[in-house]
Amino acid sequence: MPPSRLIDFCAVWDAGVFLASAAGKGAPSGVPGRRLNEAETLNSVREAQFQRLEAERPRRPGCGVRGPVLRMAGQPPPWAYTAILLCALSLGRAIEIPMDPSIQNELSQPPTITKQSVKDHIVDPRDNILIECEAKGNPAPSFHWTRNSKFFNIAKDPRVSMRRRSGTLVIDFRSGGRPEEYEGEYQCFARNKFGTALSNRIRLQVSKSPLWPKENLDPVVVQEGAPLTLQCNPPPGLPSPVIFWMSSSMEPITQDKRVSQGHNGDLYFSNVVLQDMQTDYSCNARFHFTHTIQQKNPFTLKVLTNHPYNDSSLRNHPDMYSARGVAERTPSFMYPQGTASSQMVLRGMDLLLECIASGVPTPDIAWYKKGGDLPSDKAKFENFNKALRITNVSEEDSGEYFCLASNKMGSIRHTISVRVKAAPYWLDEPKNLILAPGEDGRLVCRANGNPKPTVQWMVNGEPLQSAPPNPNREVAGDTIIFRDTQISSRAVYQCNSSNEHGYLLANAFVSVLDVPPRMLSPRNQLIRVILYNRTRLDCPFFGSPIPTLRWFKNGQGSNLDGGNYHVYENGSLEIKMIRKEDQGIYTCVATNILGKAENQVRLEVKDPTRIYRMPEDQVAKRGSTVQLECRVKHDPSLKLTVSWLKDDEPLYISNRMKKEEDSLTIFGVAERDQGSYTCVASTELDQDLAKAYLTVLADQATPTNRLAALPKGRPDRPRDLELTDLAERSVRLTWIPGDDNNSPITDYVVQFEEDQFQPGVWHDHSRFPGSVNSAVLRLSPYVNYQFRVIAINEVGSSHPSLPSERYRTSGAPPESNPSDVKGEGTRKNNMEITWTPMNATSAFGPNLRYIVKWRRREAREAWNNVTVWGSRYVVGQTPVYVPYEIRVQAENDFGKGPEPDTVIGYSGEDYPRAAPTDVKIRVLNSTAISLQWSRVYSDTVQGQLREYRAYYWRESSLLKNLWVSQKRQQAGFPGDRLRGVVSRLFPYSNYKLEMVVVNGRGDGPRSETKEFTTPEGVPSAPRRFRVRQPNLETINLEWDHPEHPNGILIGYTLKYVAFNGTKVGKQIVENFSPNQTKFTVQRADPVSRYRFSLSARTQVGSGEAVTEESPAPPNEAYTNNQADIATQGWFIGLMCAIALLVLILLIVCFIKRSRGGKYPVREKKDVPLGPEDPKEEDGSFDYSDEDNKPLQGSQTSLDGTIKQQESDDSLVDYGEGGEGQFNEDGSFIGQYTVKKDKEETEGNESSEATSPVNAIYSLA
């Protein structure tokens, strides 16, 4: 039998060329002789195709798109998308015909379902019904439907229509009708002349939101402490409604571990308390499609109690139930009932296990899996630990789970046996099959499930058994084999895999194409490349059978291959180094037995862009002008763009800068201009760049000598490099130094470049003093060297010299071996050997590879060896954790490297088989214990002993009714130790502890569980310490009990002290009983603040203290500021100066008021003062002495009246009564009035000193 053949549209896709797969070596009898002209070089590709098919046709990584190597556009060419679509043909996805209309109209395609409704299709009865079914094919498919396995005549029902160019059904109810009449099972058929594709069987159901039945609910009478279940029993909706509980006033019911809603919607009370009567309870159902909420009539509770008063103080009582006369009870399960139950779940779904228990006090729920741990990555606890949810269930999640309900009265457990079944799921879904006439292929349909699914094949929607016989088709269980296919073999096959839990339906077509070669890329493309670069010309094409491709240049008859050209198997032409003579027109010709097609690519070679005068490092003074040169040579047919970067960021050209074609000038250099400047010269094909550093100096004094004034610069580049004394491993390099530019050259750096592994990349080779210009260089074998030299002085580095001529050293065997050789197991039955690969300069020859040897260390058996080209090798089927001797030796085409060192590695580890024994516990203090155990035997470790590990958890507290977290904690003891200390325990608690051995794989079995009790300790700090100051006389303190009493509380200690600024009073200590949580402090004064420190006490001592301060009085900030200012020297001086000035003013006023003799009031004193006298109006009087001018104006009283000035005036005289009125601080508050019975006096002087108050007013 000749070799089988298969067209695979990605088999020889590698660099942008798309080909259909070739025929086999031998031609089938149906097409005699027509394979003889195909290229023999494709035979290996065809064999590889069939081998991949035999390996269940996995996706091949070679399928991709690569455009021309030097294409500069940002987007791939249009034909690349076409090639990607065609590549999908062999990857099992739906066929995509190329978008080229000429190909699209010629290539046929059987139907493919592209969109369909879900299998269980629930619709809203208020909307029109849509059942989706869309398909594609060439020609476009037609559609018809079945309903309940019978033909559904759409034309007979005016409400039903089908969308144009689609199979989607639309059922319109705008004109009436009941949606329920259309419920049933629908299936869509898409058909063209090449076959029929089927949709899934779509079960159409109308959403239902039934009303809650009306019922009158009597009050529920229950004894306090008894369990209670309020049943919801929602109406059956489609889909099921969401249940939640609220009161009739729409307040949510608070849920906790005592009161919670079960998964079935019922509300469970583990025990009823008197407060449960304070509200009623109504079950609510929310329906998804109608967005409505229906409320059941509320339940009301009547709680019978032995303690009729709802005393709120009992809520925080440490033993609330006994205080209210409620008997404590051991837990019992409310749901599920009994001690065992079972549950079935489907693979991939979520498993929800639920345990709800009653009891007094409220029980805690814990979950376990028999014989193993819960899957930590998938398991999560819900509903206050009453529910365990495991997501994405798999077969390993089956087994027995049990929930443990416990309180201080006891515990009870319920076991749930979980069985995991599975609806069918794909192992190998059938893929579309594209063949050429006469080729062989196969369709594979493999599915798994529990129970095992059955497979049924159909063709074009009909059972395969009733289809016309096809001699080229053979059915073998889950596989259909096709041999010597012809055009008539085109069809769509269906695979139906089903069991009692569901089904899978897949369509896969067989399409037979007979297509002459067709070019996919645009014709006469222009590709421009840079001289001396490497490029690749791609010629994507399509054909069936696979065409052969040849390249020609400028119409010459010889095929291009060899020398500077290399043709890949996929047809791409690579030119290793572009030269001027490579410019021209290249023609690619694709040929198969149906014809040929050709395309042309025009290649233009452009000169590279080069910066021939680069910017140089410069040192400039601040304020000077700097010019950076950048002269470029480029191909004149390309557009040149020159840009500048500063510190590798685009340079903003400010008004101080001038950018010209060949330079950048900076005027008025500033410190911010310092940095690196990069000139970037680019065209659309390439770019070149050069960098210089500008250093800006501050202004300096004028140099005192002429030499110091000479500017220093970096040295000129060395030149005239010459290679002499050529030897196998060395060469002498000589150069002529450049000008040092007034700064002596300190060093020369010699760099090399090789063109085989990293062409164009320069590496440092060696460094020499600045006094030499010739050096012997040590070389490595099998390297094509090129050298250059860089000179260095204190200013910087020169530009590199021009490269020397090349010198290739001969090859040699490696002189070293790879480093960092390791052997470690990644699984329990293997060992992975890894190493660090050698670099290019240590390869010493072509085809570097590694000889890996290994053998068991103890057995001293013969060495196993293998040759590897990578950097790792995996040894399989090894015993558990066995030492191996490992050697890795380098080898190339010239020979092997030196004998390698032997490294010890180990195979993979397995879990330890034994647990530590004789575990002894000694309590050290209230928070720490000492552990001691016996060593396990080394052969039971089954790996490297990492540590002994203790798992411990707090089982309960010795204090009644104190909830504790039973979360497991761990403590590790690295190495082979036999004792350790576990710390940070909670005092006054019961603990349990287990120990395991840990290796690199994980934990071993657990030891016997040990129990221990920690003694009392000091309590934690009191919680929520609050300091309130209702008034200036008292301060109220309140606090809560410590979160961790760590023993029996015997009281609280309060320490407080008064302080005012830096003054601190005497500390006062108060002790309280353990039940007291309030205290009032009487303040000694309204100004001082208080600092309080509160701690709780047990028999062991006082615990951590919490500190608070009393609030600051409202005016304290002002007082502090005043006190601070009053102590400042400047403030004291200012006040003294003001006081002195006021004193001087008072003295001056006193003198002015006291001088002068008599001042008769008026010559004609008998003449009464008339109202027209202006001096009377303003209250002024003349002195009798002309030398003493009268004061202008007069004193005005506080109420604006005029006050007469007499020699014997006094403040008392101006009062309205016999005595003047003063306030508390002595200020006068009376009114200035003239005494009616005062006699006129002609005295020259005042009989008493002027009042200071009057003096100040006179100044005003």
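Keep in mind it's a predicted model, so treat the numbers as computed, not measured.

(A) Geometry of the overall build of the chain. Secondary structure assignment for the chain yields nine helices and 86 strands. Looking at the chain as a whole, 43% of its 1260 residues qualify as buried. For the chain, the share of sequence-separated contacts (at least 6 apart) that also reach a separation of at least 24 residues comes to 65%. Within the structure as shown, the chain displays about 66800 Å² of accessible surface, and the carbon and sulfur contribution to it stands at 50%.

(B) Inspection of the sheet that holds strand E43 (residues 565-567) at higher detail. Strands sit in the order E40-E44-E43 across an open sheet of three strands; the sheet is antiparallel. One side of each edge strand has no neighbouring strand; the edge strands of this open sheet are strand E40 (535-537) and E43. Put simply, the sheet's adjacent strands are angled 25° from each other on average, direction ignored. Direction of pairing for E40 relative to strand E44 (residues 573-575): antiparallel, over a ladder of three bridges.

(C) The arrangement of the sheet that holds strand E42 (residues 548-553) in detail. Across the sheet, which stays open at both edges, the four strands sit in the order E39-E46-E45-E42 with mixed pairing between neighbours. Sheet topology places strand E39 (525-530) and E42 at the edges, where each strand pairs with a single neighbour. Averaged over all pairs of adjacent strands, the angle between strand axes in this sheet comes to 25°, irrespective of strand direction. Strand direction decides the pairing type here: strand E45 (residues 584-592) and strand E46 (residues 595-606), joined by nine bridges, are antiparallel. Pairing of Tyr586 across the sheet is with Val601, part of E46.

(D) Quick look at the nonpolar core. By size, the foremost hydrophobic cluster in this structure holds 31 residues, and its most contacted members are Ile131, Trp145, Leu169 and Tyr186. Elements with a minimum of two residues in this core: strand E3 (129-131), strand E4 (133-138), strand E5 (142-147), strand E8 (169-171), strand E9 (184-192) and strand E11 (202-206). Setting aside its immediate chain neighbours within four residues, Leu169 contacts Ile129, Leu130, Ile131, Trp145, Phe152, Ile154, Val160, Ser161, Met162 and Tyr186.

(E) Broad picture of the state of the cysteines. Tallying each qualifying case throughout the model produces six disulfides. The disulfide bridge from Cys355 ends at Cys403, spanning 1.9 Å between sulfur atoms. As the torsion about the S-S bond is roughly -70°, the Cys355-Cys403 disulfide counts as left-handed. Taken together, the residues span a long stretch of sequence, with Cys355 in the loop between strand E22 (351-354) and strand E23 (356-360) and Cys403 in strand E27 (residues 399-407) at a distance of 48 residues. Cys403 matches Cys355 in its accessibility class, with the two residues each being buried. A sulfur-sulfur distance of 2.0 Å marks the disulfide that ties Cys539 to Cys588. Taking the sign of the S-S torsion, 60° for the link of Cys539 and Cys588, the bridge is right-handed. Of this pair, Cys539 sits in the loop between E40 and strand E41 (541-544) while Cys588 sits in strand E45; the two residues are 49 residues apart in sequence, bridging distant segments of the chain. The same class applies to Cys539 as to Cys588, namely buried.

(F) Main features of the side chain of Asp440. Summarising the element assignment, Asp440 is placed in the loop between strand E29 (433-435) and strand E30 (441-444). Lacking a salt bridge, the buried Asp440 has Arg483 as its closest oppositely charged neighbour, with an N-O distance of 5.3 Å. Among the polar contacts made by the side chain of Asp440, one reaches the main-chain amide nitrogen of Asp484 at a distance of 2.7 Å.

(G) Looking closely at a nonpolar patch on the surface. A contiguous nonpolar patch, built from Leu1140, Leu1143, Ile1144, Ile1147, Val1148, Phe1150 and Ile1151 and spanning about 630 Å² of accessible area, is present on the exposed surface. Here Leu1143 is to be found in helix H7 (residues 1129-1154). A residue is classified by how much of its surface remains accessible, and Leu1143, at 46% relative accessible area, is partly exposed.

(H) Summary view of the pattern of salt bridges. Counted according to the given criterion, the structure contains 54 salt bridges. Arg389 is paired through a salt bridge with Glu382; the nearest N and O atoms lie 2.7 Å apart. According to the relative accessible area criterion, Glu382 is partly exposed, its value standing at 25%. Arg602 is paired through a salt bridge with Glu604; the nearest N and O atoms lie 2.7 Å apart. Owing to a relative accessible area of 18%, Glu604 belongs among the buried residues under this scheme. Look at the salt bridges and you will find they share partners, linking Arg1024, Arg1026, Arg1028, Glu1038 and Asp1040 into a network.

(I) Summary view of the pairing of strand E64 (residues 819-824). Pairing analysis gives four bridges linking E64 to strand E65 (residues 830-836), with the strands arranged antiparallel. By the bridge assignment for E65, Glu824 is matched with Glu832. Between the antiparallel neighbours E64 and E65 lie five residues.

(J) Representation of the packing of aromatic side chains. Taken as a whole, this structure holds 24 aromatic pairs when the rule is applied. Between the aromatic rings of Trp854 and Tyr873, the centroid separation amounts to 5.5 Å while the plane-to-plane angle is 35°, which identifies the pairing as tilted. Taken together, the residues span a long stretch of sequence, with Trp854 in strand E66 (residues 849-856) and Tyr873 in strand E68 (residues 872-876) at a distance of 19 residues. Three or more aromatic residues joined by ring pairs make a cluster, and in this case those are Phe1025, Trp1039, Tyr1052, Phe1072 and Phe1079. Lying over the aromatic face of Tyr503, Lys119 brings its terminal NZ or CZ to 4.1 Å of the ring centre.

(K) How the structure looks around unusual backbone geometry. Omega for the peptide link from Val360 to Pro361 comes to -5°, which places this bond in the cis form. On the secondary structure map, Pro361 appears in the loop between E23 and strand E24 (364-369). In this structure, Pro545 follows Ser544 across a cis peptide bond, with omega equal to 5°. Phi is positive for Asn742, close to 65°, though the residue is something other than glycine. Within the secondary structure layout, Asn742 lies in the loop between strand E58 (730-736) and strand E59 (747-754). What makes Asn742 partly exposed here is its relative accessible area of 41%. Its identity as a non-glycine residue notwithstanding, Tyr988 has a phi of 55°, on the positive side. With respect to the secondary-structure elements, Tyr988 resides in the loop between strand E76 (979-982) and strand E77 (989-999). By relative accessible area, Tyr988 is classed as buried at 17%.

Rules and cut-offs
- Residues numbered from 1 in each chain as written.
- Predicted model: local features only at pLDDT ≥ 70, side-chain atom pairs only at ≥ 80, totals over all residues.
- Heavy atoms only, no water.
- Helix = DSSP H or I, 4+ residues; strand = E, 2+ residues; numbered from the N terminus.
- Buried < 20%, exposed > 50% of the residue type's maximum accessible area, 1.4 Å probe, protein only.
- Contact = heavy atoms within 4.5 Å.
- Areas by Shrake-Rupley, 256 points an atom, 1.4 Å probe, with all protein chains shown as cover.
- Pairing = 2+ DSSP bridges.
- Axes fitted to C-alpha atoms, helices over the stretch in contact; angles between N-to-C directions.
- Core = buried A, V, L, I, M, F, W, Y, C linked by side-chain atoms within 4.5 Å.
- Disulfide = S-S within 2.5 Å.
- Lys, Arg positive; Asp, Glu negative; His and termini not counted.
- Salt bridge = Lys/Arg side-chain N within 4 Å of Asp/Glu carboxyl O.
- Polar contact = N/O pair within 3.5 Å; in protein donor to acceptor, adjacent residues only side chain to side chain.
- Patch = residues over 30% accessible without salt bridge, like charges linked within 9 Å, V, L, I, M, F, W, Y side chains within 5 Å.
- Phe/Tyr/Trp six-rings, centres within 6.5 Å; stacked < 30°, edge-to-face > 60°.
- Lys NZ or Arg CZ within 6 Å of the ring centre and 35° of its normal.

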